[in-house]
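Okay, here's what each chain looks like letter by letter:
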Amino acid sequence: MTSPKRNGASSLIASYNAFVTDVANTQAALASLGTTWKAIGSTATVDARDNTGTNPVVDGVGVPIFLLNDTLLADDNSDLWDGDILVPFAIDEAGAVSPLSFVWTGTTSSGVAHPFPLGSEEPVIGTTGMTNSNWVDGAKLFSFLERPVYAVSDVLIVVPEPGTGLLVMTGLLGLAYRQWRQRREA
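Because the structure is a prediction, the values reported are computed rather than measured.

This part is about the environment of Leu-72. Topologically, Leu-72 is positioned in strand 3 (residues 72-74). When the C-alpha positions of Leu-72 and Leu-86 are compared, they lie 7.0 Å apart, and in sequence the two are 14 residues distant. Among all residues touching Leu-72, those that are not within four sequence positions of it are Pro-64, Ile-65, Phe-66, Leu-86 and Val-87.

Our focus in this paragraph is the nonpolar core. Membership of the largest hydrophobic core comes to 17 residues, with the highest contact counts inside it found for Ile-40, Leu-73, Leu-80, Trp-81, Phe-89, Trp-135 and Tyr-150. Beyond its immediate stretch of four places on either side in the chain, Leu-80 contacts Thr-54, Ile-65, Leu-73, Ala-74, Ile-85, Ser-109 and Trp-135. Within the second largest apolar cluster, 15 residues are counted, among which are Ala-39, Leu-118, Ile-125 and Ala-151.

This part covers helix 1 (residues 13-24). Over its 12 residues, helix 1 extends 17 Å from the first C-alpha to the last, a length consistent with the 16 Å expected when each residue adds 1.5 Å. Along helix 1, the residues classified as buried are Ile-13, Tyr-16, Asn-17, Phe-19, Val-20, Val-23 and Ala-24. The buried residues of helix 1 occupy an angular sector of 160 degrees when projected down its axis, which confines them to one face. For helix 1, the exposed residues lying more than 90 degrees away from the buried face are Ala-14 and Asp-22. On its buried side, helix 1 packs onto helix 2 (28-31), strand 1 (37-39), helix 3 (48-51) and strand 7 (151-153).

Judged by side-chain polarity, Val-63, Val-155 and Ile-157 come together as a nonpolar surface patch covering roughly 310 Å² of accessible area. By the element assignment, Val-155 lies in the loop between strand 7 and helix 6 (162-185). Given a relative accessible area of 59%, Val-155 falls into the exposed group.

Another point: unusual backbone geometry. The residue Asp-70 is not glycine, and still its phi comes out positive at about 70 degrees. Inspection of the secondary structure puts Asp-70 in the loop between strand 2 (65-66) and strand 3. Asp-70 sits in the exposed class, given a relative accessible area of 65%.

Glancing now at the packing of aromatic side chains. Within the structure shown, the criterion is met by 5 aromatic pairs. When the centroid spacing of 5.4 Å and the interplanar angle of 55 degrees are considered together, the rings of Trp-135 and Tyr-150 count as tilted. Within this pair, whereas Trp-135 is found in the loop between strand 5 (124-127) and strand 6 (139-140), its partner Tyr-150 is found in the loop between strand 6 and strand 7, the two being separated by 15 residues in sequence. Overall, the relative accessible area of 0% leaves Trp-135 in the buried class. On the basis of relative accessible area, Tyr-150 is assigned to the buried category, the value being 0%. Between Phe-142 and Phe-144 the ring centres are 5.8 Å apart and the planes differ by 15 degrees, which places this aromatic pair in the stacked class. The exposure class of Phe-144 is exposed, given its relative accessible area of 61%. Put simply, the rings of Trp-81, Phe-89, Trp-135 and Tyr-150 pair up and form one aromatic cluster. Here the guanidinium or amino end of Lys-140 rests over the ring plane of Phe-116, the centre of that ring lying 4.0 Å away.

Strand order in this open sheet of 3 strands is 4-5-6, and the pairing throughout is antiparallel. The strands lining the two open edges of the sheet, one partner per strand, are strand 4 (102-104) and strand 6. Relative to strand 5, strand 4 is paired through 3 bridges, and the arrangement is antiparallel. Within the sheet, the bridge partner assigned to Val-103 lies in strand 5 and is Gly-126.

Another point: the side chain of Thr-35. By secondary structure assignment, the location of Thr-35 is in the loop between helix 2 and strand 1. Of the polar contacts made by the side chain of Thr-35, one reaches the backbone nitrogen of Asp-154; its length is 3.3 Å. Beyond its immediate stretch of four places on either side in the chain, Thr-35 contacts Ser-153, Asp-154 and Leu-156.

Thresholds, definitions, all that
- Residues numbered from 1 in each chain as written.
- Predicted model: local features only at pLDDT ≥ 70, side-chain atom pairs only at ≥ 80, totals over all residues.
- Heavy atoms only, no water.
- Helix = DSSP H or I, 4+ residues; strand = E, 2+ residues; numbered from the N terminus.
- Contact = heavy atoms within 4.5 Å.
- Core = buried A, V, L, I, M, F, W, Y, C linked by side-chain atoms within 4.5 Å.
- Buried < 20%, exposed > 50% of the residue type's maximum accessible area, 1.4 Å probe, protein only.
- Expected span 1.5 Å × (residues − 1).
- Arc of directions from axis to C-beta.
- Patch = residues over 30% accessible without salt bridge, like charges linked within 9 Å, V, L, I, M, F, W, Y side chains within 5 Å.
- Areas by Shrake-Rupley, 256 points an atom, 1.4 Å probe, with all protein chains shown as cover.
- Salt bridge = Lys/Arg side-chain N within 4 Å of Asp/Glu carboxyl O.
- Phe/Tyr/Trp six-rings, centres within 6.5 Å; stacked < 30°, edge-to-face > 60°.
- Lys NZ or Arg CZ within 6 Å of the ring centre and 35° of its normal.
- Pairing = 2+ DSSP bridges.
- Polar contact = N/O pair within 3.5 Å; in protein donor to acceptor, adjacent residues only side chain to side chain.

Here you go:
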């Protein structure tokens, strides 16, 4: 989630996506990933699960979703939108645990636009300390107020360090050589 805050008055999902991307890119480690960041938010015309590419119907099962501190948030797309998450979504762009906060979402626990979406007079908010549906769908708040926004990146692929692969390959080659030598001597 973002530590900077903004209002929930815009009905354009692109404004929230630009906001979370700008916030993420204030951190060198996140900027170096070269990934796209999307707001976990819904407007009247765009559902959060479609905006984030986590719609289990369209995007499939997906992959595990982690917080920036490597804590598992949801097992996959379906788990993200089943009404509960595994841990509170309370890590900001710097990796710091944030205090209990209300976050703009405009979203129901199934990932679709709430009857009070972002851009309405009183969009729905989530609460960072919750793991039940209130993490994303808790109450309404006047849109002119400033609140953080949840964000998710595109899928990131973790590549092992070159040293690890080299050690494994060396070990396998050594084992193959040993077996070859034993067969030759027999």
